[in-house]
Every structure is written in C-alpha cells, then in structure tokens.
Amino acid sequence: MGSGIAERLASVRARVAEACVRAGRPVESVTLVAVSKLKPAALIREAYAAGQRDFGENYAQELRDKAAELADLEGLRWHAIGPLQTNKVKYVAKVAHAFHALERLEVARELSKRREGTTPLPCYVEVNVGGESTKSGLEPSALPEFLTQVRALPGLALVGLMSLPPPTDDEARALGYFQALRELAQHHGLPQLSMGTTHDFERAIHAGATHVRVGTAVFGERT
Ligand SMILES: *Cc1c(COP(=O)(O)O)cnc(C)c1O
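Residues numbered from 1 in each chain as written. Predicted model: local features only at pLDDT ≥ 70, side-chain atom pairs only at ≥ 80, totals over all residues. Heavy atoms only, no water.

Draft legend 1. Broad picture of the packing of aromatic side chains. On inspection of all chains with the given rule, the structure shows 1 aromatic pair. Look at Phe-55 and Trp-78: their rings are 6.2 Å apart centre to centre, the planes differ by 50°, and that puts the pair in the tilted class. Separated by 23 residues along the polypeptide, Phe-55 in strand 2 (residues 54–57) and Trp-78 in strand 3 (residues 77–80) bring together distant segments of the chain. With respect to class, Phe-55 is no different from Trp-78; both count as buried. Between Arg-64 and the ring centre of Tyr-91, over which it is positioned, the NZ or CZ distance is 4.6 Å. Taking the ring centre of Tyr-91 as reference, the NZ or CZ of Lys-90 above it sits at 5.1 Å. (Phe/Tyr/Trp six-rings, centres within 6.5 Å; stacked < 30°, edge-to-face > 60°. Helix = DSSP H or I, 4+ residues; strand = E, 2+ residues; numbered from the N terminus. Buried < 20%, exposed > 50% of the residue type's maximum accessible area, 1.4 Å probe, protein only. Lys NZ or Arg CZ within 6 Å of the ring centre and 35° of its normal.)

Written out as structure tokens, the structure is:
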C-alpha cells in the first residue's frame, strides 16, 4: 500500500487550480509549498516523484538533515518557513531557496553575511496582521524602517510578505487578514505573498497569495 501522497497532492493541486480560476488568476501564479516538517524524508521522496518541487520546513536542523539526505533530488527547492535563531542561520543560508519568516534584523544581517557573493536569498518579511501580542511577525507600523534596513543588505532579495494569521471562524475577518497583508505588500512594492495553510489556502489565493504553505492536506496529520 502506498502512503497516498500522490493522491493527496493531486487533490490539493486541483483545489489550488480551482481557486485560481475562481479568482480569475493564472494557475501558474500560485506556488504550492508542501510543508514537510516532522515528516520523514521518504515521504518527501514520494511527493517529489509525484512532481512536487517546493517543500517547506520549520526547523533549521531538520532542514539541514533533510537537505543532506535528499541531496540527490535535482531541482528540489527548500523553503525555510519557521522562526530562526541567529546561531542556526548557517543551516538556512546554506540550503534554502527562500526564507519566509524574516522578522529580526540580527537574523537578516547574519543571513546577508553568509549569502553575500552567492545567489541572493529571496526573503519574505513576516507580518503580524492579526494584532495579537503573542503572535510572531512585525507590526505593520514597524515595516517601513525594517524594509529599508533589509534592502540595504547584500546577499538578500526582499521579495514579499508572509503571515500566519490567528485562526478565526469569522470568514470576513479571516479574509480581512489576508487582504491587509496584500495591501501592505502593494504599498511597499513587494510582489510576493506567502499566506494560506491547509485550512485556508483557497481563501488566501482569493486574496492574492503567490505562495501557499500546505502541510496537513499533503502529508497528513502531524503527531
Ligand atoms: C506548519 C506550518 C504550515 C502548514 O500548516 P498545515 O496546517 O499543516 O497546512 C504553514 N506555515 C507555517 C509557518 C507552518 O509552521
């Protein structure tokens, strides 16, 4: 018996495509990042065999280990999507295709130092659009200064904004978080929007997501 990964992927891809059509957007305008955190490398291989190339990982050491284990998979792109401590920046700088959770200048400086002279690392700044003090991400009011500082750093390419809004049953409010992120990105001239997970990626696509980060719907529940 297979793990069902190929079928799950096909179903998520179909839902992404339908959401694009409903939103009047080209299907290629959305990248599905399959979030493989806490899932074994064997399942990533299966997803790769089914055509998936973009994978998301939260934890720097897990990313380092999986990148080493799966180094033979040509064209696989790793997206580091979790908060990062300065002492673990080296793992991300070495293997990541993009970093989605930039929110500290110290981390930006360290990433910059390690990527200078190589391919610039595409970065998304994480924003707290939900307004909760416990959530990660920058306050929108802190964005202008932070973006200016990051734009001055070599080795990094500021490409977009990212958010993981607080869960809510209020449909209008949930959409509002995504729309707020899109407006901020537009305001700051950033083309990419990393937003939407298993439970809300279709809504995120409706609101303009260019990258959706989907774990559970592709790989099953995490334990
Ligand atoms: C785990 C995680 C996801 C994926 O969540 P699912 O609900 O499994 O789709 C997306 N983004 C971030 C930042 C995550 O930590």
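Draft legend 2. Here's a closer look at the side chain of Thr-197. Structurally, Thr-197 is set in the loop between strand 7 (192–194) and helix 8 (201–206). Accessibility expressed as a relative area gives 17% for Thr-197, which makes it buried. The residues contacting Thr-197, other than those within four sequence positions of it, are Leu-164, Arg-213 and Val-214. (Contact = heavy atoms within 4.5 Å.)

Draft legend 3. Molecular detail of the site of the ligand. Surrounding the ligand, one finds Val-35, Lys-37, Asn-58, Ile-81, Met-162, Thr-197, Thr-198, Arg-213, Val-214, Gly-215, Thr-216 and Arg-222. Between the ligand and Thr-198 there is a distance of 2.5 Å, counted from an oxygen atom to a side-chain nitrogen or oxygen. With respect to the ligand, the side chain of Arg-222 contributes an N or O atom lying 2.8 Å from an oxygen atom. Relative to its unbound accessible surface of 380 Å², the ligand loses 88% to contact with the protein. Grouping the amino acids of the shell around the ligand by side-chain chemistry returns 4 nonpolar, 5 polar and 3 charged. (Near = heavy atom within 4 Å. Polar contact = N/O pair within 3.5 Å; in protein donor to acceptor, adjacent residues only side chain to side chain. Areas by Shrake-Rupley, 256 points an atom, 1.4 Å probe, with all protein chains shown as cover. Nonpolar A, V, L, I, M, F, W, Y, C, P; charged D, E, K, R; others polar.)

Draft legend 4. Here's a closer look at the UniProt feature "modified residue: N6-(pyridoxal phosphate)lysine" (unreviewed entry) in the protein chain. UniProt's entry tags Lys-37 with the feature "modified residue: N6-(pyridoxal phosphate)lysine" (unreviewed entry), counted in the numbering of this structure. With respect to the helices and strands, the residue Lys-37 is situated in the loop between strand 1 (31–35) and helix 2 (41–49). Residue Lys-37 is classed as buried on the basis of its relative accessible area of 16%. Each residue touching Lys-37, except ones within four places of it in the same chain, is listed here: Gly-56, Glu-57, Asn-58, Tyr-59, Glu-62, Lys-66 and Arg-222. (UniProt positions renumbered as here; feature names shortened; annotations may be inferred.)

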